[in-house]
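# What the coordinates show
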Amino acid sequence: GDGFAAVFGRKFGKTHVPINKVKNFEGTVMGLLFALLGSLVFVSPIRALVASVVGMIVEILPLPLNDNLTIPLASGLALIGCSMFLPV
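Let me sum up the structure you'll find in this document. (Residues numbered from 1 in each chain as written. Predicted model: local features only at pLDDT ≥ 70, side-chain atom pairs only at ≥ 80, totals over all residues. Heavy atoms only, no water.)

### Focus on a nonpolar patch on the surface
Residues Ile19, Ile46, Leu49, Val53, Ile57, Leu61 and Leu63 make up a contiguous nonpolar surface patch of about 560 Å² in total accessible area. Mapped onto the secondary structure, isoleucine 57 falls in helix α3 (residues 45–60). By relative accessible area, isoleucine 57 is classed as partly exposed at 45%. (Patch = residues over 30% accessible without salt bridge, like charges linked within 9 Å, V, L, I, M, F, W, Y side chains within 5 Å. Areas by Shrake-Rupley, 256 points an atom, 1.4 Å probe, with all protein chains shown as cover. Salt bridge = Lys/Arg side-chain N within 4 Å of Asp/Glu carboxyl O. Helix = DSSP H or I, 4+ residues; strand = E, 2+ residues; numbered from the N terminus. Buried < 20%, exposed > 50% of the residue type's maximum accessible area, 1.4 Å probe, protein only.)

### Things to note about the packing of aromatic side chains
Pairs of aromatic rings are described using the distance from one ring centre to the other and the angle between the two planes. For the coordinates displayed, the defined rule picks out three aromatic pairs. Between phenylalanine 8 and phenylalanine 34 the ring centres are 5.8 Å apart and the planes differ by 25 degrees, which places this aromatic pair in the stacked class. Taken as a pair, phenylalanine 8 in helix α1 (residues 2–12) and phenylalanine 34 in helix α2 (residues 25–39) lie far apart in primary sequence, 26 residues in all. Phenylalanine 8 gets classed as partly exposed once you look at its relative accessible area, which sits at 21%. Note on phenylalanine 34: relative accessible area 27%, which makes it partly exposed. A network of ring pairs unites the aromatic residues Phe4, Phe8, Phe12 and Phe34 as a single cluster. (Phe/Tyr/Trp six-rings, centres within 6.5 Å; stacked < 30°, edge-to-face > 60°.)

In short, shape yes, function no, at least from these values alone.
Structure, rendered in structure tokens:
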């Protein structure tokens, strides 16, 4: 979803995210949608939604680390957390 967020944010972004003025709301929403669609191939819908939301939250945070590292780590940890609380 991160790549799609960047493309759509640059092309259609008009509303900046309050916590990170570099990111656009439109790009974040499209990134979430594409991350969800891609995740559905591999995991259940609820897990896909959780991982996608966590990934996009991490994507908009102004962290000093590269988001190509933080997004997969955070999404993966969210999926591990899901496996502890949600049935297979």
